[in-house]
Structure formats: structure tokens, C-alpha cells
Amino acid sequence: MVHVYNCHPFSSQQIVQVEQEPGLICCGGGALFVVATGGCKVEAYDLEKEGCPLICRFATMGTVKSIQHSRMGDYLVTIEEKNCATYLRAYTNWRYQAEGKARVGVRLLGHLLRGASVRGGVQMEIIEIPLSQRPVAVACCPVTGDLLVGCENTLVLFTLRRQNQQSQNQSQQMVQSTWTNSQQRSSQSQGQIMDSNPNFLDFERSVILHLSQMNPKQVALCGEYVAVQGELEVLVVKLETSSEPTSLEESSDPKKTDHLEDPVDFQVLPIHQELLGDRAKECDIAVSVEKTSLEDSKGQYTLSYVLFRRFTPDFFQGCSVEETQLHSLQLYPLFTGNQSVSLQEPSCVFCFFSLPSAGYLYSLKGGVELLSAYQYPEKVLKAVLTDYLLHVITKSALQCFTVRCAAVAARIEDPYIDSTMKACPPCSMEVCALRIQLFIGLRSMCVYGHHVILLSAADAEATEDPERTTQRRGLELKEHTMLTGIFLAVGIDPATTPALESLLSRPFVSRKWTISSPKETSTAGHGWNLYVVDTVSPLTLYQEMVEYSQRYAETNPQAQSLRHLLSEAHLLLRTSLLQTSEQQRIIEGDSSLSLQTDTDGPAEKPAPVCADSTELEEAFKQNCAQLGDCFSRGSQRECHLALPYYRMSGLSVTELMARNRPLPGSPHAYGPGFLFYLKHYLFEETEQILSQEAADEVIDIFSQSEPSQLVSVCASPSLINISPAKTLQILQHLEDTAGVSVPLTTTMATMMLRLDDLPEYTRLMERHAEMVLVYGFIEEPRLLLHGGGGGQHAHIRPTALTRQLAKSQPGLLVAAVVALHENNKVQLEHADHIFKELDCENCLQVDFWEAMLMASSQETIIQELLFRVASVYIDRLTNTPLETHTNGPHTPLKRRPLKSADDLINSCSHYGALYPWLIVLNPAHTTSSQHQEALYKLQSLLCGPSLSVASIMPLMERLSDESLWGFSLHLLCATRRGQYDRSIEKLLDRCPQAIIAYANHHLQDNHMVLWWQKLLPELCNRTRVAADNSILLAALKETLVVVAMETSPTEFLELMPDDGAVSYFLPHLLTCSQRHLLA
């Protein structure tokens, strides 16, 4: 289906003053090339100047049958006839004829001019390109400037080369070139002479493609893509270079040609086919590659099939083969703004071809896909594809259709464009036709930028000569007899079937008669004109589309046509925006990338002066807002598109609410698309805070449309300015109708808090137990936290309820934040930032870490938290005064911790019970409670199984071991590190009364030998020095008891000191002997 809109894409037209009747036309490089009737002279006119003045004219060597212009290299290529022979020639440096220079050099392909002709200055050159077969069609590649020639059953690819004059005498080797910007500008600036030391153009035949069962009528070339068009079929292949040697010959499968044995069946009823991508190789056209280039730098060529399409006439609908002839083949590249100028490969490549009644546009890169099918209202003679529009001509009119190139390019440039942040109309959206411009006797068309060149002639429809009419009638009779015989052979009598009799009564034209050679234009022709029609700028056409759309908006705001027209305008602006950055890098007059593929040449784009980018951006945002309005009131199936379009519009929520506000007395409410946008806006973190009026309006909207979302809406940080009294009434009504829920109760308590009604706030919070409230916070975390997107701590902030809980119910707050972390509602860094915002980093934050150690099962988080709490405990021991009455420069805790050391030991596995020997070392009520609590917790961590002692050793250096509690911490670290010998020595030096308790706890199992290998000798030595030390003697006695129980009598005797008293050791020896005898 094709939509028709009365928007005029044309701004003005002028007539080119041509002396003789034009025969052929093409354009490129800012010039219009006209081949006069007779075909032996080319005139170039300046399209960029008013009146299209003549640039130059020059004679050709034969009668021109086809002419093309190449943007790369600024050369012309022609197919000419002379003396019944057909030639292919290229004309370079043609602009020098504008200076009145008559010097023209003629040379063969690969033979550069030498001697005086070169030293005398640059001149126009005619390059003769020899071919083994008669050329039928030519095409120039806009990316590389290469030349593709279609012959009867082959395609010949010529690579564009250049050679500098200074190196010409040294070597004849050609080097493939990519023209620089300055060379492009100089080659396309009207009347500007080229560099005094230019590069000479030449071509090298690089590859030949042999086709089976297909005679080319038109060809197209774009980078690696090669397209060829026959009478009823189109084939697109991709020719790539590979460094690995591969077999280039691709022979046709005999099975594919079995059904072609009967040529009559094929001619009358060809098979309709559409094969895309890899399936295209299943077609019956075999392509073989023959490499002819002398250079091996490119390696081997590999060929892959991309697209094959064959059409068949619908004879039962009265269509003949002649009405199914294909024309207007194009391979059209599109570059996006994020590409550099030197980047040769286009972002998108499109293939277009047309029947007289329909046109087809395919996208080739990133998967072959049919984008659009154009149904023409009448028989089309010519179609040209551009970035913005598809231009077509009939006998009496010029018409434009919209295209979907921008939709494809936008998705290639941004693969994530179809999301909640961005959107673009789909590539499959139906096309539309714009207003028709009437002409008389149109014959040909070509397009350059915003110029559409039309050739018209009143006598274009000449009467058919009598001899041809006689031949046609004889052929029709022959075909009628042949078809009647076919039906009788299969047992069908056409005379008994009215449908078959009607079918056979229609004239069928053989394929050999349908494509006739172009007739020479009569020298006595009259009534011809050459028009240059200028199209309006995309921004102007967009504005007209917007004005046109107001008719639908006034009558039916939800009309599909309104949405379609605004989507067309959106794609129009996207095309301009995609090219804006590229156009800023190219000066005015430099042509952009397009392709010429046939005699009249499709669109070649210069770099037109586009509208200011700021104006385009504003128009784009306006269009996004209009599309958002359409989808906001649309159906449930497409209402989600309001979200990305509204976001791209850049409008605030207040502005969007004003756009969607129903009129007083209107039966329409807020649309589902607007509600979808509003929910996403409120449920996602944003820094935009609404005013009280706007916030109250949002509450009213949801109270009427979706009351179940009121709790989440009230928790949005954007609605911080809502009226608490009004909101409380709405929430109370919701509770009366929907029942009590924890999030609803908490939201109502928040409103009471904002009203400074603490008693009512307390009453509401006491409705539910603390654990139930925790579940409510898990359901709606934004009751406690605002922000958190992207890990930016600066955006994390606590709510008023969080601040109140920190004062009145800190345990509930800590439990809630732990639950949020464990349910992946908040990150650890975010939670830390919240407690810092509450100015509780030295109390509640530590309580949170301790609670996390009890709840978390993630090893990385556990180790991080253990290090943090150990650091805090060490800091408290360092900065907290020992005596309770001491006043020093320290920061006391604002309140007691939620968990004491005993609580943590009993409830958390990472905290271990204190070793018995620590009781001896710990001071009894000689330090402050804060200091003692920090000491017990740190000792408990060191007694536990999880803390890595090595990680905190640098921090332990801050603690002195002069005091017993400091000594106990260092002794714990040494013991955890396995330094028992050293620990025994230190403990005997500082606190020998704790040695037996230490040994009983640590010198067990594998370390039992330390009793007699380390402890016993140490005690003997020390008592020998201080014999009156009762503590050492008691320790020695306990040690001997243990040694007597664990050793044999012989071993015990060996352990006894030589100077020891027998009476002292004899009871222990007797005990050892008795135990040994019993054993």
C-alpha cells in the first residue's frame, strides 16, 4: 500500500538553453552533460549557477549511445558507434576545454602520453578501452572510481589508476588511488584549473565475470557489489579479494538447467523467483571469474551470490513481456556522519530496480532484505533513488516517493536505537507518494543533489513504421498457432474454454522483439525542452509535512495517517542529521557518494548547503515530541514507543503533561503511552525534581488511572515536593478500598513525618513488626534510598524516613539496608555512602558491617568487611582514652553499638570465643567501656577462623605492646601465624601466670612436643635464676604433670636437668612410671 500526501517536494524549475535537441543526458560533478541529437558532441552546463551556463563543449570520436560520469576522477565514459563498430572510451580532464584549449590527446588503455604532449601542459585525454565483445552498458563506482562494462555475456571490471607526471618517465606501473579531498574539490569546481603537476588517469582490466544464460542490459557497481540486469531478472554478486588461493571457477549445476531444455516454455512462462543471501546461488545463472590483472597485490577473487530476482508477466491479467521489462538498476551507497572522509566502505548499500508498474528497494549490507515495494499509478519510464526521495517519471508527470534508507543507516550507526532511550520508524513502514508535477512528453531524467534534470519532447511517441507492424502481426499469428498446438497436445481444446480462448486472442510479443534498439532521434524534432527542477530542502519539506499533518490531528488525533506522515518527516530529518557531520568536513561543491548506472544516470549527490545543524536538531526534537503525542494516545500494542520519542524530544515532564492534558469536558483521559512514559520516568532515577503543582498533578493522574502504582509513584525522588496532606488523603482512600499493606503504611508514615506528626508516624510504624517492615522496604527500596544509578555515590542520598529511622530505630534501618543488599537492591558502596550522609560512619556504618558479616555468604565481601571492622577496632583502640574520666581530643561514639562482643560471638561465626589465657591479660574495668568493647571485638576476630592476620599486620603496627591488652593482640597475631616458640618466650617475659592457660589451649596435637621441647627447658632455666619465683615454680609443676602424662619414663629421665633436685622430680617420675605400667 502506498500512502498519498499532498506535499510538494519541488521549489523551482528553469530551462537549460541548449542549441540543439538533446539526445542523451547525464550529470555529475556539478555539471549537466548533454549529447546533442546525432551523438557526436558533448556539452557541459553548470548546474550550480543560475541559468545553467555553458562550461565547455567538445567533440566525440563517434556517435554516443551511452554516457556516464564518475565522481571519483571526474571522468566521462561513453559507448560510441562509428562505421558499424562499437567503442568504449573515457574522457579525462574535460574541464580544460573551458579555457578554450583545443589540445586533445588520444591514447590506448595503459599507454600514457609522453614527450612534448605532456611537457606542453595538461590537456583533455581520450582513452580508448579495447574490448573483445561489444559493450552494452557501463557503470562507475563512486567509492573507488572503477569502471564496470557489461557485454553480451560477460562483465569486465577495470580498476581506476593514476600516475604522477614526475614518475611517469621512471615506470609505467599504475597504483590504485583514493582521491584526496583537495583533488576532489578541484576536479569538481567549475572553471577551476587542476594542479600544475596532476595525476594522469588510466584503467587496468582486473577481472572478467562470465555469465551463463543472461544477457546484460544494465549494470551497476559499488565497492565489492556488482549488479547486472537482464530483461526479466536481476543478479547481485559480491566480488571480494582474498590472500588465499581459491578456485575461481563456479560452474552451473546441470540440475539447474534441466527445466530450460524447452526454450518455448521458458520464453512464454519464465519462473518467478526471489532468492536472498546464500539462497541466491540456487539460481540458474552461473558466474565464473577470470582474473586478468597483472598485479598480484590483491590476491585471489572470491565471488558470492547476494540477490537474485526474476519476474514473469501475468498473461492472464493482460500483461505482455514488454510491460515487464526491468529498468533503472542502481546500487546506491550511503555514508553516515560517524565515518571519516577517507573511509571508503559505505555504511549501507542499497539495490533498486524497477518495472514499469512497480519498483523494488533492497538493503544488501548486514543481511539482504526487501525494504520497500513501490506501486506506481501509471507506467513509469525511469526511476532514480536518492538519500531522501525516489524520483520517477511517466510520459506526463514527475513524482516522488519516500525511501527507507535513513531507517537502515540509523540502525547500522546505532545498533541500540530500538530501545527505551531511542527509537526510529521501522524499515518496513509503508512508503508514501508526494504531489505530482505535470510535464508533457517526458523522455529521460537524471538527478544531481537537489537538481532533477528532465528531458521532454512532444513528439516522443512516434508512430510505428509499417514494416515493423507487419512483422509484429506475423509473429503474433505464429505464437497463437504455437500455443494452440501446446494446449491440444496435452488434451485441452482452447475452443471449449472461454478463458483460454480469451488468453490466446491477446497479442504475445517474443522476447526478441520486446527490447528493440534505441531509435535515432529525428533531426526534424520539435517541441523539446530540458528542465532543471530544484527540490526543496529537507527542512522545508519537513515543515510542509508537519503543516499537512495538522489536518489529521484536528480531525482524528489517533489516525494512522497522522502517525505515518510524522514518521516520514522523522526519516527525512534523520537523513540530514546522518550527513551533517560529513558535510561539515566537505566544502560546498564536493559531490557526495552516489552511483550512476545507466544512460541517464541515477542520482549523484554533491555536498549541498544543508540547514544549520542547530535548526535541524530543533526540528528533530519537535518531530519526536509529535510522534510521542501520537503513540501516547495510541493502542496498547504501540504505546511503548511514546517513551523513547518523548525522551528524544528533550521536553520536561511538566511540558509533556501539558501536551497530554485532556481538555475540560473531554471524554478522553490520559493515553496508555503517556502513562507508560510517566511510569518509566518516575520509576527510574532522575535528577529532575517537579514543582509541587506538577507533583500533585502526577499523583492525581495515577489516583485516577492506576491507583495500584501510587506507593511507587510517591517514593519517586522527582516527587519530593508533593503536598503531604493531599497525598495522605489519597493514600487513606486507597487503603480503604484496597486494604492495608506494608509499603502503603510506610508511605503514609512518611507523609506524617513530613507533616511533623511524630505520634501518628510512630503509631503507623508500630502497626507491623520490624521484620515485616524490612520486607516492605525490600518491595519498595526508594522509601529509604534515592539515586544509585551508575555507581555514582554523589547521587545516593537518604530519604527523610531514613534519617528518622537512624534516630529512632537504628536497628530497623541497619536490618533494612542489609536486606536490600542481600536482595541486590543496593550495592555495598551505596550503603556506605548512605551512612556517611547520615553522619553515622563511626557507629551505624560499623553496625551495618557487623550485621553484614552475619548475613552475607560472599567470600569477597566477607574479607572486605573483616578488614574494615578490624581497621575500625584498631582505630578505636588507638584514639579512645583508656580511663573513663579522661578528656582528650577524641570523637566518642554517639551511642552504644547495636551488637556487643558477646552478641557477635554468639551469633556470628567469624567472631570466635576469647581464649582463656586472654582473661589474664585483659584489664578488669580499668579502661573505658568503648575501649574495652573494641578490644574484645578485635580479640574475638583474631580468635575467629576468618580474618586474615597478614592483611591487618600493617595496621597492628599502630598499637604498642607496652600495655597488656596491646601485648595480647600482638601475641594473638604471632600465635595465628604459628610463632609458638617466640610467643612462649614473650609470654614468660611479660605474664608468666598465663603460660599454662596458653599452653593448654594451643600446645595440643601436633604442637604437644613443645611442652617438653620448649616450655619445660624455658621454665627450668628461669627458675634456676629466680628460685623464689612462685609463679614460675607453679608453672613448672603444671608442666611436669603434663610431661609425665605424655612421655615414657626413659624420655622423662632424659628431660630432667642435671642439677635438679631428685626429691622435686621423683614424684613426677613415679607418676610417669605408674602410668606406663598401667598402659
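Residues numbered from 1 in each chain as written. Predicted model: local features only at pLDDT ≥ 70, side-chain atom pairs only at ≥ 80, totals over all residues. Heavy atoms only, no water.

When helices and strands are counted, the protein shows 35 helices and 36 strands. Each of the 1079 residues in the protein was classed as buried or not, and the buried ones make up 53%. Across the protein, the fraction of contacts at a sequence separation of at least 24, relative to all contacts at a separation of at least 6, is 67%. About 47,700 Å² of surface is accessible on the protein, with carbon and sulfur atoms providing 52% of the total. (Helix = DSSP H or I, 4+ residues; strand = E, 2+ residues; numbered from the N terminus. Buried < 20%, exposed > 50% of the residue type's maximum accessible area, 1.4 Å probe, protein only. Contact = heavy atoms within 4.5 Å. Areas by Shrake-Rupley, 256 points an atom, 1.4 Å probe, with all protein chains shown as cover.)

So, about the sheet that holds strand β20 (residues 273-276). If you walk across this open sheet you meet the five strands as β17-β18-β19-β22-β20, and the pairing is antiparallel. With partners counted over all chains shown, the strands left at the sheet margins are β17 (218-222) and β20, one partner each. When strand polarity is set aside, the average angle formed by the axes of neighbouring strands in this sheet is 25°. Sheet analysis places β17 next to strand β18 (residues 225-229), joined by five bridges and oriented antiparallel. Note on β18: the bridge partner recorded for L221 is V226. (Pairing = 2+ DSSP bridges. Axes fitted to C-alpha atoms, helices over the stretch in contact; angles between N-to-C directions.)

Here the focus is the packing of helix α28 (residues 949-956) against helix α29 (residues 964-976). In contact at an axis separation of 11 Å, α28 and α29 are set at 150° when each is read in the N-to-C sense. Classified by the angle between their axes, α28 and α29 sit roughly antiparallel to one another. Considering the relative orientation of α28 and α29, their crossing is left-handed. Contacts between α28 and α29 involve V949, M953 and M956 from the former and L969, H970, C973 and R976 from the latter. (Parallel < 35°, antiparallel > 145°, perpendicular 65-115°, else oblique. Left-handed = near helix turned anticlockwise from the far one by under 90°.)

A few words now on the sheet that holds strand β7 (residues 63-70). Spatially, five strands are ordered β7-β8-β9-β11-β10 in an open sheet, and the strand pairing comes out mixed. A single partner strand is all that each edge strand has here, and the edge strands are β7 and β10 (104-108). Averaged over all pairs of adjacent strands, the angle between their axes in this sheet comes to 25°, without regard to strand direction. Looking at chain direction, strand β9 (residues 85-92) and strand β11 (residues 124-129) are connected through five bridges and run antiparallel. Bridge assignment links L88 to a residue of β11, and that residue is I129.

Here we take up the packing of aromatic side chains. The final tally for this structure, using the stated rule, is 21 aromatic pairs. When the centroid spacing of 6.1 Å and the interplanar angle of 70° are considered together, the rings of F311 and F353 count as edge-to-face. Pair noted here: F311 is in the loop between β22 (300-310) and β23 (327-334) and F353 is in strand β24 (residues 348-354), with a separation of 42 residues, a long-range link. Grouping residues by exposure puts F311 and F353 together as buried. Chaining the aromatic ring pairs together yields one cluster made of F311, F353, Y360 and Y362. Positioned over the ring face of Y87 is R89, at 4.5 Å from the centre of the ring. (Phe/Tyr/Trp six-rings, centres within 6.5 Å; stacked < 30°, edge-to-face > 60°. Lys NZ or Arg CZ within 6 Å of the ring centre and 35° of its normal.)

Spacing of three or four residues puts side chains on the same side of an α-helix, whose turn is 3.6 residues. Turning to helix α12 (residues 653-660), its buried residues number three or more, namely V653, L656, M657 and N660. Angularly, the buried residues of α12 cover 100° about the axis, an arc narrow enough to put them on a single face. Contacts made by the buried residues of α12 are with α10 (613-632), α11 (642-649), α13 (672-683) and α14 (692-705). (Arc of directions from axis to C-beta.)

Our next topic: α28. Taken residue by residue, α28 has V949, I952, L955 and M956 as its buried positions. One side of α28 carries all its buried residues, which in axial view fall inside an arc of 105°. Residues of α28 that are exposed and angled more than 90 degrees away from the buried face: A950 and P954. Residues of α28 that are buried in the fold lie against α24 (859-879), α27 (929-943) and α29.

Turning next to the nonpolar core. With 183 residues, the main nonpolar core has L454, F848 and W1011 as its most contacted residues. Counting residues per element, this core draws most heavily on α24, at ten residues. If you look at the next biggest cluster of nonpolar residues, it comprises 49 residues, including V207, V219, C283 and L364. (Core = buried A, V, L, I, M, F, W, Y, C linked by side-chain atoms within 4.5 Å.)

For Q399, the location among the structural elements is in strand β29 (residues 397-402). On the basis of relative accessible area, Q399 is assigned to the buried category, the value being 10%. For the pair formed by Q399 and L438, sequence separation is 39 residues and the distance between their alpha carbons is 8.6 Å. What Q399 contacts, discounting residues up to four positions off in sequence, is P377, L390, H391, V392, A433, L434 and I436.

Okay, the packing of helix α30 (residues 980-990) against helix α31 (residues 995-1002) next. At their nearest, the axes of α30 and α31 sit 10 Å apart, and the two run at 160° to each other. Classified by the interaxial angle, the pair formed by α30 and α31 is roughly antiparallel. Here α30 and α31 pass one another in a crossing that is right-handed. Residue-level contacts link Y980, S983, I984, L987 and L988 of α30 to I995, Y998 and H1002 of α31.

Right, let's talk about the side chain of H8 for a bit. By secondary structure assignment, the location of H8 is in the loop between β1 (3-4) and β2 (10-15). Among the polar contacts made by the side chain of H8, one reaches the main-chain amide nitrogen of F10 at a distance of 3.0 Å. Setting aside residues up to four positions removed in sequence, H8 forms contacts with R435, Q437, V536, L541 and E544. (Polar contact = N/O pair within 3.5 Å; in protein donor to acceptor, adjacent residues only side chain to side chain.)

A few words now on the pattern of salt bridges. Counted under the stated rule, the structure contains 37 salt bridges. Residue E240 is joined to K238 by a salt bridge in which the shortest nitrogen-to-oxygen separation is 3.8 Å. Put simply, R1022 and E1018 hold a salt bridge, and the shortest N to O gap is 3.3 Å. In this pair, R1022 and E1018 are both assigned in helix α32 (residues 1010-1025), four residues apart and thus about one turn of the helix distant. R1022 gets classed as partly exposed once you look at its relative accessible area, which sits at 22%. One salt-bridge network, held together by shared partners, links E985, D989, K1014, E1018 and R1022. (Salt bridge = Lys/Arg side-chain N within 4 Å of Asp/Glu carboxyl O.)

The alternating pattern of β20 places Q273 and L275 on a buried face, while none of E274 and L276, on the opposite face, is buried. Pairing analysis gives four bridges linking β20 to β22, with the strands arranged antiparallel. Paired with E274 across the bridge in β22 is R309.

This next bit is on the confidence of the model for the protein. Averaged over every residue, the pLDDT of the protein is 81; the share at 70 or more is 78%. Scored below 50 in pLDDT, residues 166-197 makes 71 contacts in the model with residues more than four places away or belonging to other chains. Long-range and interchain partners of residues 606-611, a stretch whose pLDDT sits below 50, account for 19 contacts in this model, where long-range means more than four residues apart. (pLDDT = per-residue confidence, 0-100.)

Turning our eyes to something else, we now look at the environment of V920. The residue V920 is located in helix α26 (residues 916-921) in this model. Put simply, V920 and I995 are 75 residues apart on the chain and 9.9 Å apart in space, counted from C-alpha to C-alpha. Excluding anything up to four places from it in sequence, V920 contacts C991, Q993 and A994.

The residue G366 is located in the loop between β25 (358-363) and β26 (369-375) in this model. For the pair G366 and C348, spaced 18 residues apart in sequence, the C-alpha separation works out to 8.4 Å.

Looking now at the side chain of S871. Note on placement: S871 falls in helix α24. For S871, the side chain forms a polar contact with the main-chain oxygen of F867, separated by 2.7 Å.

Right, let's get into unusual backbone geometry. Working note: non-glycine residues mostly have negative phi, and peptide bonds are mostly trans. The phi torsion at C52 lies on the positive side, around 50°, for a residue other than glycine. Note on C52: relative accessible area 3%, which makes it buried. Although it is not a glycine, D1005 sits at a positive phi angle of roughly 55°. Here D1005 lies in the loop between α31 and α32.

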